[in-house]
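Inside the fold
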Amino acid sequence: MKKAAIFFAEGYEEIEALTVVDLCRRAGIDIQMVSVTGSEYVTSSHQVCVRTDTQVEALDFEQLDMLILPGGMPGTRNLEQVPALTEQLKRFAADGKYVCAICAAPSVLGHLGILKGKKACCYPGFEKDLAGAEITYLACTVDGNVITARGMGCAIEFSKAIITALQDADAAAKVLESVIYRISENDR
């Protein structure tokens with residue numbers, strides 16, 4: 001079974017984080033909600049408090065196939081201040097393992113140099129932070145081991161790309177159909 005981790009900092013965007021968790025778990029992907037705050041409870045930018053599964057200090061990165069960053073402010077800035085996470089993001093990218101970010105969070109990947117020569121998208125206004133990337137304006141952009149998405153309204157498309165990467169397109173389509181997400185003929 002493929003394993004992923006999604007990271008929660010104070011001020012995360014709850015829809016971007018919890019949509020990914022929900023849909024990945026429906027697909028049978030082992031996804032851990034990981035706090036970077038020193039507390040198992042983390043509060044979103046809209047004051048939604050969730051209990052995470054583990055802390056970044058206790059996470060066994062060697063067992064993971066993918067790292068995921070939700071956006072939100074100040075959540076994105078708070079994620080970028082965690083060396084235990086940023087070092088692993090660089091290592092995963094260098095090793096060809098998946099790194100994923102949505103909304104403002106692709107800026108973290110840009111600041112780390114991970115997006116050089118890659119296609120990527122982000123929330124409008126953060127394009128300047130995607131150093132070396134070819135900017136797209138798609139809902140979600142996949143370029144090799146890097147998956148980015150533009151914002152909260154793209155959380156299902158982002159989740160679809162994550163499930164496709166860790167399993168396959170059929171698994172993603174089944175999950176989206178089960179939640180009555182509009183599936184185009186191209187997705188079948």
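Summary of the structure given here. Please read these numbers as outputs of a predicted model, since none were measured by experiment.

1. Here's the deal with the pattern of salt bridges
Across all of its chains, the model carries seven salt bridges by this definition. Where Asp22 meets Arg26, a salt bridge forms, and the shortest distance between an N and an O atom there is 2.5 Å. Linking Asp22 with Arg26, this pair stays in helix H1 (residues 14–26), spanning four residues, or about one helical turn. A salt bridge links Arg25 to Asp53; the shortest N-O distance between them is 2.8 Å. Highlighted residues: Arg25 in helix H1 and Asp53 in the loop between strand E4 (49–51) and strand E5 (54–55), separated in sequence by 28 residues. Arg25 sits in the partly exposed class, given a relative accessible area of 41%. The class for Asp53 is partly exposed, based on a relative accessible area of 43%. Within the structure, one salt-bridge network assembled from shared partners comprises Glu62, Arg91 and Asp95.

Conventions adopted
Residues numbered from 1 in each chain as written. Predicted model: local features only at pLDDT ≥ 70, side-chain atom pairs only at ≥ 80, totals over all residues. Heavy atoms only, no water. Salt bridge = Lys/Arg side-chain N within 4 Å of Asp/Glu carboxyl O. Helix = DSSP H or I, 4+ residues; strand = E, 2+ residues; numbered from the N terminus. Buried < 20%, exposed > 50% of the residue type's maximum accessible area, 1.4 Å probe, protein only.

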